[in-house]
Structures are given as C-alpha cells and as structure tokens.
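Coordinate inspection notes
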Amino acid sequence: MKLKGIWLLLLCVNVACSPTYDHKGKTPLVKVGEEFLYKEDLIAASPAGLSGPDSAVFARHFIEEWVKNALVYEKARKNIPNNDVVDELVENYRKSLLVHAYQQNLVEQKLAENIPDEEVKAYYEANRDLFVAGQPLMKGIFIKVPLNAAEVGKVRRCYTKNSSEDVEFLEKYSFQHAVDYNYFYDRWLPLHDVVAKLPLSVSDAEARLKQEGHIELKDSANYYFLNVDSFLPAGEVEPYEYAYKTAKEMLVNLKRISFIGEVKSSLYNEALKEKRIIYY
C-alpha cells in the first residue's frame, strides 16, 4: 500500500529515531511517550483493495486513533495508584494464554494423531443425526471453456461420461483450453461451491441437476459444462468421507477434558517424584 500525503510526510519527519531505540528492523511512524507506531503495523491493519485516496484516509484515521489511545494509556499509567494490581492481572492473563496455547498444541499433536480411523467411524455411525447436510452435496466434473476454444463439440460429448478415456481427454484439454476445470468424482463438494462458478442461481441449478444430472450453459464469453455423478440432497446424512474431518474434531473435543486431566496428573506425579514441589 502506498501512503501518500503531506500529513504522512510530516509525521515521518517528526518521528524520534534515536539510536537508543531498537526498532527491530521496523519503520517508526509516530512516537508517544515510549510507545511507537510502526509502518508495518499500519500496513497489516489496512484493508485490502483500498484506492490511493481511501488508503490515505484510512491511514490518517488509524494513526490519529492510535495516538489518542497511546495518550490515554500514558495518562492511565501516571494516575493509577496501584500498578502492582494491574501487573498481576496482566501476568495471570499471560499465564492463561500460555497454558491454553500449550494445551491446544498438545491436543492437536498428541490426541488428534492418536485417534484411529476406526474410532472416528464408530463415532460417526453412532451419531449420524449430528451429520445432516445443510446443503446439497455432489460428485462430478466441471469445465469452463471460451466460446472460441477448439474441440468444444468433443468436450460436449465427453463431459457427461466418466470413463477413463473421456476423463483423460478432458484433463489434457483443460491444460490448453479451459478457463476453469475441476474433477471431483472422487470427493463430495457442496453444491454452492460449484454452482457459484455458473451464470445460474443455486435453486435453478439444483432443480436441473435433480432432473437431468448435468448442466450446459453459455454466456457472451464462455461455455460451462457440469456433470454430476452422485447427488445428496440437503437434509440427508453426510457421507462418512465428507463428515470425517468434522467427526474427528468432535471426538477430539469430547476427549479433550479427560486428556488434559491426564497430562496434568502426569506432570504433578513427575514433579512429586523429582521433589520439585515444596509445601510450606
């Protein structure tokens, strides 16, 4: 993002860049007391896609708000009579964050990895009512080609077939001619994810797929070919391969409390054994 304007130039000119401060490679924009706002922080906070004038307006407002907050913080530090209480609260919060991050890391690395697929499948089968599809799912193939592309007639003949020869032709063809190509006969995708690429509403696409199993469209620039081999209406139980990730996450969450309790007990017993716990 390019930051333009006299106001920014003035800010940069007035920044205190004393060598006594270690900015860790960052570029300071403004200083209040002992607090610095850096160019990198401003860039990270800026919304993507802003025009030059809009980015300048955003930057000006962001810096002004940062300065105001820094001034309030500076005033608060001078006027709070007992900073020890605040420091204790901050330290307790920091401990909580570290413990949470450590426990989350343990759960992800140890617990999730140690749950066998057979257990996930058993949980899925015992709780099928938890895996009801909120929207239609489907398997198939989608290809989008320009109106002037070569061999469109052969694409039209092949896209509704699922033989290895037809799929091989479409895959090779897509590298040279297709604007978009997605082979998903081997996995379930939500209807909306695929239909979003078509010049057609979701409801109309669903009706046509239920009736015909395929869709062929064209607009002023492209042909759109969609063939569906398997279709699962909304309200039906999600197939296991589609629900697997969610089922595993749910099973991990169920085991989380017990697992963390075991980790705490293990650490406690180890510390007792090593005499690192001293009671007064």
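Per chain, residue numbering runs from 1 following the sequence as it is written. Two thresholds apply to this predicted model, a pLDDT of at least 70 for residue-level local features and 80 or more for giving and counting side-chain atom pairs, whereas whole-chain, interface and lining totals are computed over all residues. Based on all heavy atoms of the structure, the side-chain values leave hydrogens and waters out of the count.

1. Observations regarding helix α4 (residues 83-111)
Secondary structure elements follow DSSP: runs of H or I no shorter than four residues count as helices, runs of E no shorter than two count as strands, and numbering proceeds from the N terminus. Here the expected span of a helix is defined as 1.5 Å times the quantity of residues minus one. With 29 residues, α4 extends 41 Å from end C-alpha to end C-alpha; this agrees with the ideal 42 Å at 1.5 Å per step. Taken residue by residue, α4 has Leu-106, Val-107 and Leu-111 as its buried positions. We call two residues in contact when some of their heavy atoms are within 4.5 Å. For α4, the elements touching its buried residues are α10 (240-273). A 1.4 Å probe rolled over the protein chains alone gives each residue an accessible area, and that area as a share of the maximum for its type sets the label: buried under 20%, exposed over 50%, partly exposed in between.

2. Observations regarding the confidence of the model for the protein
Per-residue confidence from the prediction method is given by pLDDT, with values spanning 0 to 100. Looking at the protein as a whole, the pLDDT averages 87, with 93% of positions reaching at least 70. When mean pLDDT is compared element by element in the protein, strand β3 (residues 137-146) scores highest at 96, while helix α1 (residues 6-14) scores lowest at 46. Long-range and interchain partners of residues 1-7, a stretch whose pLDDT sits below 50, account for twelve contacts in this model, where long-range means more than four residues apart. Ignoring residues within four places in sequence, the model shows residues 9-17, a span with pLDDT below 50, making twelve contacts including any to other chains.

3. Topic: the nonpolar core
Among buried residues, the Ala, Val, Leu, Ile, Met, Phe, Trp, Tyr and Cys ones that are joined through side-chain atoms within 4.5 Å form a nonpolar core. In terms of nonpolar packing, the biggest core is built from 17 residues, with Val-107, Leu-111, Ile-115, Val-120, Phe-131, Val-252 and Phe-259 touching the most fellow members. For this core, the element with the highest residue contribution is α10, accounting for eight residues.

4. Here's the deal with the packing of aromatic side chains
Within 6.5 Å between ring centres, the rings of Phe, Tyr and Trp (the latter by its six-membered ring) count as paired, and their orientation is classed by plane angle as stacked under 30 degrees, edge-to-face over 60, tilted in between. In this structure the tally under the stated criterion is ten aromatic pairs. An angle of 55° between the planes, with centres 5.0 Å apart, marks the rings of Tyr-159 and Phe-225 as tilted. With Tyr-159 in the loop between α6 (152-158) and α7 (164-177) and Phe-225 in strand β6 (residues 222-232), the pair connects residues that are 66 residues apart, well separated along the chain. Take Tyr-159 and Phe-225: they sit in the same class, and that class is buried.

5. Observations regarding the sheet that holds β6
Taken in spatial order, the four strands make up an open sheet running β4-β3-β6-β5, and their pairing is antiparallel. A single partner strand is all that each edge strand has here, and the edge strands are β4 (180-190) and β5 (214-218). Going from strand to strand, the sheet's axes swing by 10° on average, the running direction of each strand aside. Strand pairing is assigned whenever DSSP detects at least two bridges linking the two strands. Pairing analysis gives ten bridges linking β3 to β6, with the strands arranged antiparallel. Think of each axis as a best-fit line through the C-alpha atoms, taken over the contacting stretch in the case of a helix, with angles from 0 to 180 degrees between the N-to-C directions.

6. Comments concerning the side chain of Ser-46
Tracing the chain through its elements places Ser-46 in the loop between α2 (39-45) and α3 (52-79). By relative accessible area, Ser-46 is classed as buried at 14%. Within the local environment of Ser-46, its side chain forms a polar contact with the backbone oxygen of Leu-42, the two atoms lying 2.7 Å apart. Think of a polar contact as two N or O atoms within 3.5 Å of one another; within protein, one of them needs to be a possible hydrogen donor and the other a possible acceptor, and neighboring residues in sequence only count if both atoms come from side chains.

7. Section: unusual backbone geometry
Trans peptide bonds make up most of the peptide bonds, and negative phi angles are found at most residues other than glycine. Here the phi dihedral of Lys-24 falls at roughly 55°; this positive angle occurs in a residue that is not glycine. Turning to its location among the elements, Lys-24 is positioned in the loop between α1 and β1 (28-32). With relative accessibility at 69%, the residue Lys-24 sits in the exposed group. In the Ramachandran plot, Glu-151 falls in the positive-phi region, its phi being about 55° despite a non-glycine side chain.

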